[in-house]
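Here are the chains, one letter per residue:
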Amino acid sequence: MNGAREEAGRAAGRSADPGAPPCGGSRGVIGVVGAGTMGVGVAQSFATAGHHVVLLDPSVEAAAAGRRLLRNGLRAARLLRKPASPEPMDDIAARIDWTHEVNRLAQAECVVECGPESIAVKKEILTGLDGACAARTVLASCTSAIPVSTLAGFTGRPDRVLATHFMNPAPLKDAVEVVRGPQTSAETLETVQELLRGLGKRPHVVNDGPGFVSNRVLMPMVNDAAERVQSGTADAETVDLIFTDCFGHAMGPLRTADLIGLDTVLDTLVVLRETTGDSRYEPCELLRELVEAGHHGRKSGRGFHSYGAR
Ligand SMILES: NC(=O)c1ccc[n+]([C@@H]2O[C@H](COP(=O)([O-])OP(=O)(O)OC[C@H]3O[C@@H](n4cnc5c(N)ncnc54)[C@H](O)[C@@H]3O)[C@@H](O)[C@H]2O)c1
């Protein structure tokens, strides 16, 4: 893999001089697609571990917002990550190249796709990556619920596709749910687990299926918790207290949903409803109303709970 890394490093370069070797990191080049909540967190995690990262988002506004997310994420990691990286935050940030061009990801050893939770958008992203990236590049998706078999079918390299379901906030979480598709090769699985261990994260491998383990279990709970608020059984604060104060969970289901982003929760439930055909994943009306009103959770300042001005 070292030869591939050197080649990838030469090809990825920096925006001012695409032929120049990357500054800083001595590990392989990683591509990340989508500079939202997860993409920026994943990019930060790899850059902190010494990888050169090429981060692609087609939206100029999203890239600007992503740079703010990165600054906040680096500060949070400095305060909360144990042990924190001793490296200056600017040096870590300098290992991330921002781009709008998919060809800049051509020589990455692995690309982590963090686009919106929509089968149609993921198809567009993966088709583009499959055409642009070297044959050896592993395509990992951060999807919350779409089966790997569906995603792999959008590419001509199903043996090199899997899901790396990072948790949010990615730089602060120590474990990743890794989803092996029916055609994912043993080599791909090992490569990705090695990459994750290099970030200080523990990979937990599961088999394929809509929502895998995490969201197949979590999403109906979030939906049911929202329905309890909608039906007047309790307000959002009290619903969460039942889980934190009575059960001793670290966070209630509605604060968890606010942290994920209610738009992403809604999209994930829609995917689960479509892919399983099971009506218990039908998103509850209150969730739809909050998303429609722009109350997307912590990132917008309000969801089931309020978080002050953003
Ligand atoms: N938010 C969470 O807690 C969480 C946790 C684990 C996994 N996920 C999954 O990670 C993925 C990203 O979620 P998020 O919360 O970061 O979403 P987000 O809405 O914050 O970010 C999505 C980003 O994708 C970009 N994008 C849109 N269309 C694109 C395209 N065609 N090509 C490339 N980029 C495009 C958007 O501009 C945006 O920056 C989703 O699949 C989601 O289900 C989310």
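Per chain, residues are indexed from 1 in the order of the written sequence. Thresholds applied to this predicted model are a pLDDT of at least 70 for local features of residues and 80 or more for the giving and counting of side-chain atom pairs; totals over whole chains, interfaces and linings are not thresholded and use all residues. The basis for the side-chain values is all heavy atoms of the structure; hydrogens and waters are excluded.

A.B. asks: I keep staring at the nonpolar core and nothing clicks. Help me out?
C.D. replies: Generally speaking, nonpolar side chains in soluble globular proteins are found buried as a group. Definition used in this section: a nonpolar core is a set of buried Ala, Val, Leu, Ile, Met, Phe, Trp, Tyr and Cys residues joined via side-chain atoms within 4.5 Å. Remark: exposure states derive from per-residue accessible area (1.4 Å probe, protein chains only) relative to the maximum for the residue type, with buried under 20%, exposed over 50%, and partly exposed in between. Counting 44 residues, the largest nonpolar core has Leu105, Val111, Leu129, Leu287 and Phe304 as its most contacted members. Strands here mean DSSP runs of E at least two residues long; helices mean DSSP runs of H or I at least four residues long; both are numbered from the N terminus. Tallying contributions element by element places helix α11 (residues 262–276) first for this core, with six residues. The contact criterion used throughout is that any non-hydrogen atoms of two residues lie within 4.5 Å. Once residues lying within four places of it in the same chain are set aside, the contact partners of leucine 287 are Asn223, Leu262, Val265, Leu266, Leu269 and Phe304. Core analysis: the next-biggest nonpolar cluster, separate from the first, contains 34 residues, Ala43, Leu70, Cys142 and Leu189 among them.

A.B. asks: I would appreciate a short explanation of unusual backbone geometry in the present structure.
C.D. replies: The phi angle of most residues is negative, glycine excepted, and most peptide bonds adopt the trans form. With an omega of -5°, the peptide bond between lysine 82 and proline 83 qualifies as cis. Position of proline 83 relative to the elements: it lies in the loop between α3 (60–80) and α4 (89–93). Here asparagine 168 and proline 169 are connected by a cis peptide whose omega angle stands at 0°. Assignment of secondary structure puts proline 169 in the loop between β6 (161–165) and β7 (175–180). A positive phi angle, near 55°, is found at phenylalanine 212, a position not held by glycine. Mapped onto the elements, phenylalanine 212 comes out in the loop between β8 (202–207) and α8 (214–230). When its relative accessible area of 8% is taken as the criterion, phenylalanine 212 is described as buried.

A.B. asks: Sorry if this is basic, but what is going on with the site of the ligand here?
C.D. replies: We call a residue near a molecule or strand as soon as one heavy atom of that residue lies within 4 Å of the molecule or strand. What surrounds the ligand is a group of 26 residues, the closest being Met38, Asp57, Glu117, Lys122 and Ser144. N or O atoms closer than or at 3.5 Å make up a polar contact, with two conditions inside protein: a donor-capable atom paired with an acceptor-capable one, and, for residues adjacent in sequence, both atoms drawn from side chains. Separating an oxygen atom of the ligand from a backbone N or O atom of glycine 115 is a distance of 3.2 Å. A distance of 2.7 Å separates an oxygen atom of the ligand from a polar side-chain atom of lysine 122. The fraction of the free accessible surface of the ligand (830 Å²) that becomes covered by protein chains is 85%. At the level of elements, α2 (37–48) and α5 (119–132) are the ones that each hand at least two residues to the shell around the ligand. With four residues, α5 is the largest single contributor of residues to the shell around the ligand. Boundary definitions for the domains trace back to an automatic or database domain assignment. Counting contributing residues, the shell around the ligand receives three or more from each of domain 1 (2–207) and domain 2 (216–300). Per-residue and other accessible areas follow the Shrake-Rupley method at a 1.4 Å probe size, with only the shown protein chains counted as cover for residues.

A.B. asks: Looking at this structure, I do not really get the UniProt feature "domain: 3-hydroxyacyl-CoA dehydrogenase NAD binding" (unreviewed entry) in the protein chain. What am I missing?
C.D. replies: UniProt positions are given in the numbering used here, feature names are shortened, and annotations may be inferred rather than shown by experiment. Mapped onto this numbering, the UniProt entry annotates "domain: 3-hydroxyacyl-CoA dehydrogenase NAD binding" (unreviewed entry) at residues 30–208. Here residues 30–208 is 39% helix and 22% strand, with 24 Å between the C-alpha atoms at its ends.

A.B. asks: I tried to follow the sheet that holds strand β2 (residues 51–56) on my own but got confused; where do I start?
C.D. replies: Paired through backbone hydrogen bonds, the strands of a sheet run either parallel or antiparallel to each other. Strands are treated as partners if at least two bridges between them are detected by DSSP. In spatial order, the strands read β3-β2-β1-β4-β5-β6-β7-β8; together these eight strands make up an open sheet with mixed pairing. Lying at the two open borders of the sheet, with one neighbouring strand each, are β3 (96–99) and β8. Ignoring strand direction, the axes of neighbouring strands in this sheet form an average angle of 25°. Bridge count for strand β4 (residues 110–113) against strand β5 (residues 138–141) is four bridges, and the pairing is parallel. Looking at β5, one finds that cysteine 110 is bridged to valine 138. A fitted line through C-alpha atoms represents every axis, and for helices the fit uses only the stretch in contact; the resulting angles, taken between N-to-C directions, go from 0 to 180 degrees. Relative to β2, α2 is tilted by about 165°, and along the sheet it contacts β1 (27–33), β2, β3 and β4.

A.B. asks: Hey, could you run me through the packing of α2 against α3 in this one?
C.D. replies: Each pair of packed helices can be summarised by the angle the axes make with each other and by the distance between the axes. One can describe the packing of α2 onto α3 by two numbers: an axis separation of 9 Å at closest approach and a directional angle of 50°. On the basis of the axis angle, α2 is oblique to α3. Considering only the axes of α2 and α3, their crossing is right-handed. Mapping the contact onto sequence places Thr37, Val40 and Gln44 in α2 and Gly66, Leu69, Leu70, Gly73, Leu74 and Ala77 in α3. Charged residues are taken to be Asp, Glu, Lys and Arg, nonpolar residues to be Ala, Val, Leu, Ile, Met, Phe, Trp, Tyr, Cys and Pro, and polar residues to be all remaining types, Gly included. Here the residues of the contact of α2 with α3 sort into five nonpolar, four polar and no charged. Roughly parallel means an angle under 35 degrees; roughly antiparallel means over 145; roughly perpendicular covers 65 to 115; every other angle is labelled oblique. Working rule for handedness: look at the near helix, and if it is turned counterclockwise from the far one by less than a right angle, call the crossing left-handed; if clockwise, right-handed.

A.B. asks: Would you explain the packing of aromatic side chains in this entry?
C.D. replies: Both the distance between ring centres and the angle between the ring planes are used here to describe each pair of aromatic rings. When two rings of Phe, Tyr or Trp (its six-membered ring) have centres within 6.5 Å they constitute a pair, described as stacked for plane angles under 30 degrees, edge-to-face for angles over 60, and tilted for the intermediate range. Applying the stated criterion across every chain, the model contains two aromatic pairs. Aromatic side chains phenylalanine 46 and phenylalanine 166 sit 6.4 Å apart centroid to centroid with 65° between the ring planes, which places their arrangement in the edge-to-face category. Highlighted residues: phenylalanine 46 in helix α2 and phenylalanine 166 in the loop between β6 and β7, separated in sequence by 120 residues. Side by side, phenylalanine 46 and phenylalanine 166 carry an identical accessibility label, which is buried. A ring pair is formed by phenylalanine 243 and phenylalanine 247, whose centres lie 5.3 Å apart and whose planes are at 85°; its orientation type is edge-to-face.

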